[in-house]
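Below are the chains, spelled out letter by letter.
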Amino acid sequence: MPKLLSKVRASSIVQTLLNDIRNGGKEIGGFSQAMRTFTTSSGHVEEPVSGLGQKQIVDALVFGERSRAVSLLYDFSLGNNKLSANDFASILQTCARLPDPLFVMETWKIMEEKEIDISAKCYFLAARALCKGGYLKEALSLMSIMEENPNSYSMLPVYNNFLVACSETHTVDYANECMRLMEHQMVGKNEITYAQFLKLAVLQQNLSAVHEIWKECSKYYSLSVISLRKFIWSFTELRDLQSAYTTLQHMVSLVVRENSYISRTAEGRFCDLRLDIPAPSTGNLSFIDASLNTEGSTNFDLERQSIGSIEISTVKKPLSASVTKLLRWSFNDVMHACAKVQNCDLAEQLMLQMQTLGLQPSGSTYDGFIRAIVTTRGFSDGVEVLKVMQEKNIKPHDSTLAVLAVICSRELQLDRAEAFLDEMAEIRSPRPYNAFLEACDVLDQPERAVQILAKMKKLNLQPNIRTYELLFSLFGNVNSPYEEGNMLSQVDVAKRINAIEMDMMKYGLQHSHLSLKNVLKALGTEGMIKELIQYLHAAENRFSRYDTYMITPVYNTVLHSLVEAKESQMATQIFKSMVSSGVPPDAATYNIMIDCCSIIGCFRSALTLISMMLRNGFNPQAVTLTGLLKISLRSEDFDGSLKLLNQGISEGIQLDVLLYNTILQVASEKGRIDVIELIVEQMHVHGVLPDPSTCSHVFAAYIDHGFYNTAMEALQVLSVRMIAGCDNIADDKQTELENLILGEDLEDESQILEPFKDSKEYLTVALLQLRWCAILGYPVSWSPSESQWARRLSNNLASMSGSL
């Protein structure tokens, strides 16, 4: 019997593991005791029959009696039987199936000591056990000496097993070592090899590698349905919808054109019954190297088919169950890729093609389909698909219900969103609940948020940091907007914040920059300045001063709260400390501090801040100009304010209604109707639509001077502009609105209030103002340009501008 050529090298492979066993005894307990029980009471070693000995060892391993298995192994090896590699095959096979790599090492050591001529099967089983057990380094060392043994002629299955282990354990480095060894030993590749290459390429997010694998694989193989399915999966995982779609059409053509012979392995995996002859080694396996560029390749050799022109074919012969399942899986993969890239048109065409081919969509198919359409068309289309599923008795996946709940929450449809949440059988992620809480925050409905939180607690659903960010925003404030805090509300806010933070600690979560911002905003709104500064210092310790994404917005929140609280001196100190400590201000910081200057009336400081803005690359915006106008208007310098306004227009600053309202408010208080009329006309010329505050300032100014008819006419014109913008209202729309405005039923007013529920309060206010005008006897005119007041303002704009 020829001796193993690399006995010394093989022994070094197992030495480390054997030392662990002998020294610690943790992996194979009772090792020393087992060694002491090898002899019988008569003092001689028993000689078990070879087959029986293998079976006893295998049974001990299967039942988890590892100490007994070790004892039996050494009894087996010390017998007088002449042992061969076949006598250990069942043992190694069991170790590979369990897996038990440590017992393989013990067995391998005994085989070497017995100078057994190790077969290719034993090499394969030992390497497989090591791979499945996660001992890739040892498996790679064993593979490197296999070529030196004349019996190890079939290497490819061993390498394939190793690559499977690498893809399962996400170990790219060892995979690269394996491929270099394959290249050195000139080992070919089969479809199993290429399948593992694909998994490794997807693991690295390397689309270029997938295209390279396609070119090489298709060069040597007429790709089977199984191989095409794996390529489709790879393309969809890497969001290459074009290539995935083209490959799917190739797959459809293949199953329509010819029968595919698909079977299953003992483990239940699909396999092709065609003879799998390995492709020759190309001498270049670099396409999986981690250093490769991950950009997508354009050299996709399949004849590309334009997305949107799906081939509709009918199957001449019934497809086998296996082929049908593979085809449906591939359609599902592409359908889910459509959802990822929001291509609802292609998703619809894929559904049509499935029906033409006789493939019944599954719950997974509809999951991808609904995801694709609701992200672009809204939840109503998704609900229609749900109805189709109900007709077919297909239960929607929880992921389908979750995405519908999220979309409904985004569209502020809380009742529908909650209904979808209640339908979910198993909640694994707080994301749909977070979306619901976010909608509650937008609609200012904390009571709905309390209900959904109770459901989360009942389901034992663990919140994440996003949940707490929303909780601080929802429950951090006690008073209504624009209502100042008091001692009672401040105590309540402190209790709420403390309760939420205690719940965070229970789950081991720390503040994010957004949760801290929300806490700071709540404290600032309630006027809790002391606590505000304490949390600022906590944020300084929590985040790096040089991480501007984290810390600068936190400072901005504090500064804004201080300015709103008229704590100008403290805001100035915080700003100086911020700059001196190296935290870079952004545009929002400068605008807040310019607003601070408007409170103390220091125009020079504001100009200094603008100079700093420009040096740091921030251009003045409408909010910047608003701050300057506030300072100018403090001294009732309307001429200077209008010059600032004109300068901002000439420099291309995009003006907004808030800026114009700043001037209108002061002009109304001071009775400057001339300024008001100039500003209103400038707003109209520059396409800035009025809002309720605009109407209020203009109306109040005319009323204070006793110009009642003009006040009503101006209110009408501004209200119509709020509704129509710069466009004329269509005749049918005019009729609909007039019916609401002039209606005498209580239901008419309730319909007017409906838009307010959808955060369209401007429309509601405009309609109510027009209804009020109609009640007072002023007929509605849907052509503001025909108003005498509007024409006068237009004609006087030039002359008024020159006189001011």
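The name given to the protein in an unreviewed UniProt entry is Pentatricopeptide repeat-containing protein At1g76280 isoform X2, and the organism recorded there is Nicotiana sylvestris.

Student: Is there a simple way to explain the overall build of the protein in this structure?
Tutor: Regarding its fold elements, the protein presents 40 helices and two strands. Relative to its full complement of 804 residues, the protein shows a buried share of 50%. Look at the contacts in the protein between residues 6 or more apart in sequence, and 71% of them connect residues 24 or more apart. Within the structure as shown, the protein displays about 39200 Å² of accessible surface, and the carbon and sulfur contribution to it stands at 50%.

Student: Looking at this model, I keep getting lost on the pattern of salt bridges. Mind explaining?
Tutor: Any two side chains of opposite charge can pair if their charged atoms end up close together. If you walk through the whole model with that rule in mind, you get 27 salt bridges. Across the pair Asp59 and Lys55 runs a salt bridge whose closest N-O atoms are separated by 2.9 Å. With Asp59 and Lys55 both in helix α3 (residues 50–62) and four residues apart, this pair spans about one turn of that helix. Salt-bridge contacts for Lys506 lead to Asp503; the nearest nitrogen and oxygen are separated by 3.3 Å. Taken together, the positions of Lys506 and Asp503, both in helix α24 (residues 487–506) and three residues apart, correspond to about one turn of that helix. Under the relative-accessibility criterion, Lys506 is labelled exposed at 58%. One network of salt bridges, with partners in common, ties together Asp415, Glu418, Asp422, Arg448 and Lys455.

Student: Mind showing me how you'd approach the UniProt feature "repeat: PPR" (unreviewed entry) in the protein here?
Tutor: The positions that UniProt labels "repeat: PPR" (unreviewed entry) are, in the present scheme, residues 429–463, 551–585, 586–620 and 656–690. Between the end C-alpha atoms of residues 551–585 the distance is 10 Å, and the span holds 77% helix and 0% strand.

Student: What's the story with helix α10 (residues 172–184) in this structure? I'm lost.
Tutor: Think of an α-helix as 3.6 residues a turn; residues three or four steps apart then line up on the same face. Here α10 spans 18 Å end to end across 13 residues, near enough to the 18 Å set by a 1.5 Å rise per residue. Taken residue by residue, α10 has Val172, Ala175, Asn176, Cys178, Met179, Leu181 and Met182 as its buried positions. Each element contacted by the buried residues of α10 is listed here: α8 (136–146), α9 (156–169) and α11 (191–203). Positive phi shows up at Met186, right after α10, with a value of about 55°.

Student: Sorry, what's going on with empty space enclosed by the protein here?
Tutor: Over the atoms a probe the size of a water molecule is rolled, and this reveals where empty space is left. Counted by the stated rule, this structure contains three cavities of 30 Å³ or more. Size it by volume and the largest cavity reaches roughly 80 Å³. Along the wall of the largest cavity there are 12 residues; nearest its centre are Met683, His684, Val688, Pro690 and Arg721. For the lining of the largest cavity, the secondary structure elements donating two or more residues are α34 (673–685) and α36 (708–724). Ranked by residue count, the leading element in the lining of the largest cavity is α34, at three residues. A class-by-class count of the residues in the lining of the largest cavity yields seven nonpolar, four polar and one charged.

Student: Mind showing me how you'd approach the environment of Ile118 here?
Tutor: Among the structural elements, Ile118 can be located in the loop between α6 (101–113) and α7 (120–132). The exposure class of Ile118 is buried, given its relative accessible area of 1%. Along the primary structure Ile118 and Phe88 are separated by 30 residues, whereas in three dimensions their C-alpha atoms are 9.6 Å apart.

Student: Would you mind going over helix α5 (residues 86–97) with me for this structure?
Tutor: An ideal rise of 1.5 Å per residue puts 16 Å on 12 residues; α5 measures up with 17 Å between its terminal C-alpha atoms. Of the positions making up α5, those classed as buried are Asp87, Phe88, Ala89, Ile91, Leu92, Thr94, Cys95 and Ala96.

Student: Would you take a moment to explain the confidence of the model for the protein for this structure?
Tutor: Regions with low pLDDT carry predicted coordinates that are not meant to be interpreted in detail. On average, residues of the protein score 82 in pLDDT, and 80% of them reach the 70 mark or higher. Of all helices and strands in the protein, the one with the weakest mean pLDDT is helix α2 (residues 31–36) (32), whereas helix α35 (residues 692–704) scores best (95). Confidence over residues 1–49 falls short of pLDDT 50; this stretch has 77 contacts with residues more than four positions distant or in other chains. Counted against residues more than four places away or in other chains, residues 285–306, with its pLDDT under 50, gives 67 contacts.

Student: I'm lost on the environment of Phe699 in this one. Help?
Tutor: Within the fold, Phe699 resides in helix α35. Distance in space between the C-alpha atoms of Phe699 and Leu718 is 9.9 Å, their sequence separation being 19 residues. Leaving out residues up to four positions away in the same chain, Phe699 has contacts with Ala711, Met712, Leu715 and Trp772.

Student: Help me understand the state of the cysteines in this model?
Tutor: Note: disulfide means a covalent bond formed between the sulfur atoms of two cysteine side chains. Under the definition given, this model contains zero disulfides. In this structure Cys596 is a free cysteine whose sulfur lies 5.9 Å from that of Cys597, the closest cysteine sulfur available. You can see Cys773 has no disulfide; the closest cysteine sulfur is in Cys695, sitting 9.6 Å from it.

Rules and cut-offs
Residues numbered from 1 in each chain as written. Predicted model: local features only at pLDDT ≥ 70, side-chain atom pairs only at ≥ 80, totals over all residues. Heavy atoms only, no water. Helix = DSSP H or I, 4+ residues; strand = E, 2+ residues; numbered from the N terminus. Buried < 20%, exposed > 50% of the residue type's maximum accessible area, 1.4 Å probe, protein only. Contact = heavy atoms within 4.5 Å. Areas by Shrake-Rupley, 256 points an atom, 1.4 Å probe, with all protein chains shown as cover. Salt bridge = Lys/Arg side-chain N within 4 Å of Asp/Glu carboxyl O. UniProt positions renumbered as here; feature names shortened; annotations may be inferred. Expected span 1.5 Å × (residues − 1). 1 Å grid on protein atoms, 1.4 Å probe; cavity = no way out; pocket = protein on both sides within 12 Å on 5 of 7 lines; lining within 4 Å. Points joined across faces, edges and corners; volume = space filled by probe spheres on them. Nonpolar A, V, L, I, M, F, W, Y, C, P; charged D, E, K, R; others polar. pLDDT = per-residue confidence, 0-100. Disulfide = S-S within 2.5 Å.

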